[in-house]
Amino acid sequence: MSASRTVRGIAAAALASGAVVASMATPASADDGHGRGHHWDTRSTVVLGHIQYDSPGRDDYSNRSLNAEWVDVTNIGRRSVDLDGWTLTNRDGKRYTFDDVRISGRSTIRVHTGYGRDRDGHVYQDRSTYVWGNWSDKATLRDDDGRTVDTARYGLYNDDDRRRDGRRYDDRRHDDRRHDGRRHGDRRHDDRRHDDRRDNDRRDNDRRDNDRRHDGRRP
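Residues numbered from 1 in each chain as written. Predicted model: local features only at pLDDT ≥ 70, side-chain atom pairs only at ≥ 80, totals over all residues. Heavy atoms only, no water.

1. Thoughts on the overall build of the protein
When you go through the protein residue by residue, the secondary structure sums to four helices and 12 strands. In the protein, the share of contacts with a sequence separation of at least 24, taken over all contacts with a separation of at least 6, comes to 59%. When the accessible surface of the protein is summed, it comes to about 13,900 Å², and 45% of that surface belongs to carbon and sulfur atoms. (Helix = DSSP H or I, 4+ residues; strand = E, 2+ residues; numbered from the N terminus. Contact = heavy atoms within 4.5 Å. Areas by Shrake-Rupley, 256 points an atom, 1.4 Å probe, with all protein chains shown as cover.)

2. What to know about a negative patch on the surface
Judged by side-chain charge, Asp82, Asp84, Asp99 and Asp144 come together as a negatively charged surface patch. Turning to its location among the elements, aspartate 144 is positioned in the loop between strand 11 (137-142) and strand 12 (148-154). For aspartate 144, a relative accessible area of 51% translates into the label exposed. (Patch = residues over 30% accessible without salt bridge, like charges linked within 9 Å, V, L, I, M, F, W, Y side chains within 5 Å. Salt bridge = Lys/Arg side-chain N within 4 Å of Asp/Glu carboxyl O. Lys, Arg positive; Asp, Glu negative; His and termini not counted. Charge placed at Lys NZ, Arg CZ, Asp CG, Glu CD. Buried < 20%, exposed > 50% of the residue type's maximum accessible area, 1.4 Å probe, protein only.)

3. Points about the pairing of strand 3 (residues 46-52)
Of all seven residues in strand 3, six are buried, a share of seventy percent or more. Of the strand pairs in this sheet, strand 3 and strand 4 (residues 70-75) are connected by five bridges, and their pairing is antiparallel. Paired with valine 46 across the bridge in strand 4 is asparagine 75. (Pairing = 2+ DSSP bridges.)

4. Quick notes on the environment of serine 65
Within the element layout of this structure, serine 65 appears in helix 3 (residues 63-67). Counting along the chain gives 10 residues from serine 65 to serine 55, while the straight-line C-alpha distance between them is 6.1 Å. Those residues within four positions of serine 65 in sequence are excluded, and the remaining contacts are Ser55, Arg58, Asp59, Asp60 and Tyr130.

5. A look at the pattern of salt bridges
Under the defined criterion, the tally for this structure stands at three salt bridges. Arginine 147 is the partner of aspartate 143 in a salt bridge, and the nearest nitrogen-oxygen pair spans 3.3 Å. According to the relative accessible area criterion, arginine 147 is partly exposed, its value standing at 46%. The partner of arginine 147 in a salt bridge is aspartate 145, and the shortest N-O contact between them spans 3.5 Å. On the basis of relative accessibility, which here comes to 55%, the residue aspartate 145 falls in the exposed class. Connected via shared salt-bridge partners are Asp143, Asp145 and Arg147.

6. Brief notes about the side chain of threonine 113
Residue placement: threonine 113 occurs in the loop between strand 9 (107-112) and strand 10 (122-124). There is a polar contact of 2.7 Å between the side chain of threonine 113 and the side chain of glutamate 69. The contacts of threonine 113, once residues within four sequence positions are left out, are Leu66, Asn67, Glu69, Gln125, Asp126, Arg127, Thr129, Tyr130, Val131 and Trp132. (Polar contact = N/O pair within 3.5 Å; in protein donor to acceptor, adjacent residues only side chain to side chain.)

7. Here we look at the nonpolar core
By size, the foremost hydrophobic cluster in this structure holds 24 residues, and its most contacted members are Leu83, Phe98 and Trp132. Those elements that place two or more of their residues in this core are strand 3, strand 4, strand 8 (101-103), strand 9, strand 11 and strand 12. Contact partners of leucine 83, with chain neighbours within four places excluded, come to Val46, Phe98, Val101, Arg102, Ile103 and Ile109. (Core = buried A, V, L, I, M, F, W, Y, C linked by side-chain atoms within 4.5 Å.)

8. Points about the confidence of the model for the protein
Per-residue pLDDT for the protein has a mean of 75; in total, 58% of the residues score no lower than 70. For residues 31-36, every residue scores under 50 in pLDDT, and the model assigns this stretch 19 contacts once sequence neighbours within four places are set aside. Confidence over residues 164-176 falls short of pLDDT 50; this stretch has two contacts with residues more than four positions distant or in other chains. (pLDDT = per-residue confidence, 0-100.)

9. So, the sheet that holds strand 3
Spatial ordering of the open sheet is given by 3-4-9-10, a layout of four strands whose pairing is mixed. The open sheet has two edge strands, strand 3 and strand 10, and neither has a second partner. Across the sheet, the mean angle from the axis of one strand to that of its neighbour is 25°, orientation sign disregarded. (Axes fitted to C-alpha atoms, helices over the stretch in contact; angles between N-to-C directions.)

10. What about unusual backbone geometry?
Within the chain, aspartate 100 stands out as a residue other than glycine whose phi angle is a positive 60°. Assignment of secondary structure puts aspartate 100 in the loop between strand 7 (95-97) and strand 8. Look at aspartate 100 and you get partly exposed, because its relative accessible area is 23%.

Below, the structure is given as structure tokens:
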């Protein structure tokens, strides 16, 4: 990797007008309606911005789709910050480590999931699978000493929510199995009735054939 990369910032005028303040005030998610939690260490000027947690289109694991999943890391201060050794992790512990990256004041780095060549404003985790859950997840940004700098949550993210969601899912599966069992039982019952009717029809035909043969033998 080349010497320390300095990320060119987004325009200071846009930041001054409240773009960064808005990103801090709103939940960190690409769809603001789904965000539910954002905790920021006020000692740091580096915060998490938007999270594109569900890449547009079908999840086909192509590099293009993977790179459409990303997290913004923003420096709202005026001075640059060395991110070397900082980490970004999801709820399941998938970790990305910033390597030889410096973020300029009032600028943003977008951390993509897939493969790519790091450049100004964009870095890549070089993964072949998705990182951020489509329904819920938690992003944690830590400095090189392991201290939590910022966290952002969306969807059903706490243990109680996950347990409730798991029960709802299990209940749905149980209901589906019961429903499928009833449908399967009904089909078997209908099949048996249909077989019985066919057997009765066969017996009636045999009796008629025997009667005709018997009548033919009589003078």
